[in-house]
Amino acid sequence: MAEQDESAKLWKVNRTIHELVKDRGFQVSDDEINMDLATFRSHYANNGGSVDRAQLNFFTNHRNNPMSQIFVFFCDEKSVGVKTMRKMLGILEEKNIQQGVMVFPGSMTPSARKVITAMASQYKLEEFSEADLLVNITHHTLVPKHEILTPEEKNELLETYRLKETQLPRIQMADPVARYYGLKRGDVVKITRPSETAGRYASYRICF
């Protein structure tokens, strides 16, 4: 029964991480997102019902820039340490990919988090616990639509309204929606909300 619960959890996590990658502009098969639980189990679970997380690893290219790739690494360690981070970095180096996302069932040690900071000039590394991905927060009715502006759109916005970056409202990098979209410091996001009077209205925030 525990294996059944575990596979149902990983089915949800696998769907959300594929939606996340797709929402960032990377190529993702809709079959992975729309896969039902029975199909997921037949693909990834063994006869005992447990899932080998390594089978869920995948990498893909960006739709508009095929040279840009992302690698998603599922780890089965309850507490991710430096050794696992090095393993992931080894795969990124081997495949010549600069962007990696680690998904793990428990927690990450402070030492492992320091690796993310230490390697920031070479690799964009992100981490999500499986609990973070059980539900896609962007599907929640209270979360408005977010769109990341291109550098050109950002400059146009600042010029049009004669604003400096420091005058824009802020969104923290640690904000769950900012993490979902992988916002970097300096990125500007357009947030579109419904309005009773105007139908819809847009606001802008800068990531810091």
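Quick summary incoming for the structure in this document. From a predicted model like this one, the values you see are computed outputs, not experimental measurements.

Thresholds applied
- Residues take numbers from 1 onward in each chain, read along the sequence in its written order.
- At least 70 in pLDDT is required for a residue's local features to be given in this predicted model, at least 80 for side-chain atom pairs to be given and counted, and no such filter applies to totals for whole chains, interfaces and linings, which use all residues.
- The side-chain quantities take in all heavy atoms of the structure and omit both hydrogens and water.
- Paired strands, in this sense, are two strands between which DSSP finds at least two bridges.
- To qualify as a helix, a DSSP run of H or I must reach at least 4 residues; to qualify as a strand, a run of E must reach at least 2; elements of each kind are numbered from the N terminus.
- Interaxial angles span 0 to 180 degrees and are taken between N-to-C directions of axes, which are lines fitted to C-alpha atoms, for helices over the stretch in contact.
- Angular relationships are summarised with four words: roughly parallel below 35 degrees, roughly antiparallel beyond 145, roughly perpendicular across 65 to 115, and oblique for the angles in between.
- Every residue pair with non-hydrogen atoms within 4.5 Å of one another is taken to be in contact.
- Each residue receives one of three labels: charged for Asp, Glu, Lys and Arg, nonpolar for Ala, Val, Leu, Ile, Met, Phe, Trp, Tyr, Cys and Pro, and polar for the others, Gly being one of them.
- Think of a 1 Å grid over just the protein atoms. A cavity is a set of points where a 1.4 Å probe fits yet cannot get out, a pocket is an open set with protein on both sides within 12 Å along at least five of seven lines, and lining residues have an atom within 4 Å of a point.
- Grid points are joined across faces, edges and corners, and a volume is the space filled by probe spheres set on the points.

The sheet contact formed by strand β7 (residues 145–148) and strand β9 (residues 188–195) spans four bridges and is antiparallel. Of the residues in β9, the one forming a bridge with Lys 145 is Thr 192. When β9 meets strand β10 (residues 199–207), the two strands line up antiparallel, connected through eight bridges. Its bridge partner lying in β10, Arg 193 is registered against Tyr 201. The antiparallel hairpin formed by β9 and β10 contains three residues in its connecting segment.

Right, let's get into the sheet that holds β7. Backbone hydrogen bonds are what pair the strands of a sheet, in a parallel or an antiparallel way. Reading across from one edge, β7-β9-β10-β8 is the order of the four strands in this open sheet, with mixed pairing throughout. Strands at the two margins of the open sheet, each flanked by one partner only, are β7 and β8 (170–171).

Let us look at the packing of helix α1 (residues 2–23) against helix α3 (residues 37–44). Packing of α1 against α3 brings their axes to within 10 Å, and their N-to-C directions diverge by 105 degrees. Judged by the angle between their axes, α1 and α3 are roughly perpendicular. Counting all contacts with α1, which are made through Gln 4, Ser 7, Ala 8, Leu 10, Trp 11 and Asn 14, the residues of α3 involved are Leu 37, Phe 40 and Arg 41. The class makeup of the residues in the contact of α1 with α3 is five nonpolar, three polar and one charged.

This part is about the layout of surface pockets. As a volume, the largest pocket reaches approximately 750 Å³. In terms of lining, the largest pocket is formed by 26 residues, of which the most central are Arg 24, His 62, Ile 148, Tyr 181 and Asp 187. Put simply, the parts of the chain that give the lining of the largest pocket at least two residues each are β7 and α6 (151–160). Top contributing element to the lining of the largest pocket by residue count: β7, with four residues. Class assignment for the residues of the lining of the largest pocket results in eight nonpolar, nine polar and nine charged. Within this model, the second largest pocket holds a volume of roughly 510 Å³. If you go around the second largest pocket, you meet 18 residues; those closest to its centre are Ile 116, Lys 124, Leu 125, Glu 126 and Met 173. Contributions of two or more residues to the lining of the second largest pocket are made by α5 (110–118), β6 (124–129) and α7 (176–181).

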